[in-house]
Amino acid sequence: MSEPVDPRPQSLRIAIIGAGRLGQTLARALAAQGCRIVAVASRAMPAAQALAARLPACAALPSGEAAAAADLVFLTVPDDAIAATAAGLRWRAGQRVVHCSGATEVAALAAAQEQGALVGGFHPLQIFSDPERALALLPGSTVAIEAEGELAIELHALAALLGMQPLALRPGTRAAYHGAASFAASFLLSMLDEAAQVWAAIGLPREQALRSLLPLARGTLDAAEAKGLAQALAGPISRGDVGVVARHLQAFDALGESHAQFYRELSRRQLTLAAESGRLDAAALARLAALLESA
Ligand SMILES: NC(=O)c1ccc[n+]([C@@H]2O[C@H](COP(=O)([O-])OP(=O)(O)OC[C@H]3O[C@@H](n4cnc5c(N)ncnc54)[C@H](OP(=O)(O)O)[C@@H]3O)[C@@H](O)[C@H]2O)c1
């Protein structure tokens, strides 16, 4: 039997287990919107106490007591600890148990579900390296929600309260969803690192690279936001400029195989966007494709 719970998110008694980067941010963001964070837990009591001290009427408790005190429990522990944490606690029928991982399936909460809890995923698609910055970034960010029934309604209500855009996820899709999001997150850093490495190889100072490349990256992202990916495309491939692309390839071949392969692969992928933009005819696309396939 499911416990009747008032659907207004501010009426839920919420506990946060794992006072790390995401746990701290989520607790403070929810409390700022009037949610009742009644308990926080962490293996290191000082971490839980420090977080509880920043929240109104919140207690730092051992995880079992924190879970028992709440209608909705967020397990904000590292992914590898989610299943064991869920299995190590006692749950009531109808209690809500949610993890915040992108890549870990909600099935990791099976132990709580077997005891009658409603389980789900609430993955804020944002970077939490610095809780202060993350707090400011949450409104407008997406949160991937995987849940059913009443819990889905409650998690959508929490997303709305935080000003976040909900995105529904289906079971079994989380690894692909999360891996793909890396292209918009840490892989962007790998791109910038590749550019900085090539610049360093031709004698440009590494510390200047980030200063020079970041405004370009921001301009590109702004264009994508304003026009969509295909119409934002700029550069020689978007113009069908085979001569410039050939000079790029020559320069990258001289830098070594891994640089050349990376450049070629990304350029090939860009042909799809170039075609979608409608700016190049089939012959121009074929010339570029042939050049990129050449050794
Ligand atoms: N960081 C991000 O950018 C980000 C973004 C989206 C989603 N997430 C998700 O959020 C969750 C937490 O990530 P995080 O970055 O906040 O990690 P984190 O900063 O390492 O915090 C996790 C907290 O959980 C506690 N913990 C660690 N091991 C534990 C264990 N074995 N059992 C119980 N508690 C343990 C730790 O505190 P104690 O040592 O005091 O127990 C730690 O402070 C993960 O599922 C992650 O995928 C993170």
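Below you will find a few notes about this structure.

## A short note on the overall build of the protein chain
Next up, step 1: When helices and strands are tallied, the protein chain shows 15 helices and 8 strands.
Next up, step 2: The C-alpha radius of gyration of the protein chain comes to 24 Å, more than 25% above the 19 Å expected for a compact globule of 295 residues.
Next up, step 3: Evaluated residue by residue, the protein chain yields a buried proportion of 31% over its 295 residues.
Next up, step 4: For the protein chain, long-range pairs separated by at least 24 residues make up 57% of all intrachain contacts whose partners lie at least 6 apart in sequence.

## Describing the site of the ligand
Next up, step 1: In the vicinity of the ligand lie 24 residues, with G18, G20, S42, R43 and A44 positioned nearest.
Next up, step 2: In the shell around the ligand, the residues fall into 11 nonpolar, 10 polar and 3 charged.

## Structural notes on the pairing of strand β2 (residues 36-41)
Next up, step 1: Among the 6 residues of β2, 6 are classified as buried, and the element is accordingly described as predominantly covered.
Next up, step 2: Both strand β1 (residues 13-17) and β2 contribute to a ladder of 5 bridges, which runs parallel. Along β2, the bridge assignment pairs A15 with A39.
Next up, step 3: The β-α-β motif built from β1, the intervening helix α1 (residues 21-32) and the parallel element β2 has right-handed crossover chirality.

## What about the environment of A27?
Next up, step 1: If you trace the backbone, A27 turns up in helix α1.
Next up, step 2: Expressed as a C-alpha distance, the spacing of A27 and L51, which sit 24 residues apart in the sequence, is 8.2 Å.
Next up, step 3: Discounting residues that sit within four places of it in the chain, A27 has contacts with I16, I37, V40, L51 and L55.

## As for the sheet that holds strand β7 (residues 142-146)
Next up, step 1: Pairing is mixed in the open sheet, where 8 strands are placed in the order β3-β2-β1-β4-β5-β6-β7-β8. Two strands lie at the open edges of the sheet, namely β3 (59-60) and β8 (165-168), each paired on one side alone.
Next up, step 2: When β7 meets β8, the two strands line up parallel, connected through 4 bridges. Bridging from a neighbouring strand, A144 pairs with L167 of β8.

## Considerations on unusual backbone geometry
Next up, step 1: Positive phi, normally seen in glycine, also occurs at A57, with a value near 50°.
Next up, step 2: As for its position among the elements, A57 is in the loop between α2 (45-53) and β3.

## With respect to the packing of helix α13 (residues 242-255) against helix α15 (residues 282-293)
Next up, step 1: Orientation of α13 relative to α15, taken along the N-to-C sense of each, is 10°, at an axis distance of 10 Å. Put simply, α13 runs roughly parallel to α15. Contact residues: V242, V245 and A246 in α13; R287, L288 and L291 in α15.
Next up, step 2: A breakdown of the residues in the contact of α13 with α15 according to their chemical character gives 5 nonpolar, no polar and 1 charged.

## Some words on the packing of helix α14 (residues 257-277) against α15
Next up, step 1: Look at α14 against α15: their axes get within 10 Å of each other, and the N-to-C directions meet at 170°. When the axis of α14 is compared with that of α15, the two are roughly antiparallel. Facing R264, S267, R268, L271, A274 and A275 of α14, the residues of α15 in contact are L285, L288, A289 and L292.
Next up, step 2: Class assignment of the residues belonging to the contact of α14 with α15 gives a composition of 7 nonpolar, 1 polar and 2 charged.

## Quick look at helix α9 (residues 186-201)
Side chains of residues three or four places apart in an α-helix project in the same direction, reflecting 3.6 residues per turn.
Next up, step 1: Taking 1.5 Å of rise per residue, the 16 residues of α9 would be expected to cover 22 Å, and the 23 Å separating its terminal C-alpha atoms lies within 8% of that figure.
Next up, step 2: Once α9 ends, the next one or two residues include G203, with phi positive near 95°.

## A few points about the pairing of strand β5 (residues 96-99)
Next up, step 1: Burial along β5 is two-sided: R96 and V98 facing one way and V97 and H99 facing the other are all buried.
Next up, step 2: Sheet topology note: the strand β4 (residues 72-75)/β5 ladder contains 4 bridges and is parallel. The residue of β5 that forms the bridge with L72 is R96.
Next up, step 3: Of the strand pairs in this sheet, β5 and strand β6 (residues 118-124) are connected by 4 bridges, and their pairing is parallel. Directly across from R96, in β6, lies its bridge partner L118.

Analysis parameters
- Residues numbered from 1 in each chain as written.
- Predicted model: local features only at pLDDT ≥ 70, side-chain atom pairs only at ≥ 80, totals over all residues.
- Helix = DSSP H or I, 4+ residues; strand = E, 2+ residues; numbered from the N terminus.
- Rg over C-alpha atoms; globule rule 2.2 N^0.38 Å.
- Buried ≥ 20, exposed ≤ 12 C-beta atoms within 10 Å, placed from the backbone.
- Contact = placed C-beta atoms within 7 Å.
- Near = placed C-beta within 6 Å.
- Nonpolar A, V, L, I, M, F, W, Y, C, P; charged D, E, K, R; others polar.
- Pairing = 2+ DSSP bridges.
- Right-handed = clockwise from strand over helix to strand, strands pointing away.
- Axes fitted to C-alpha atoms, helices over the stretch in contact; angles between N-to-C directions.
- Parallel < 35°, antiparallel > 145°, perpendicular 65-115°, else oblique.
- Expected span 1.5 Å × (residues − 1).

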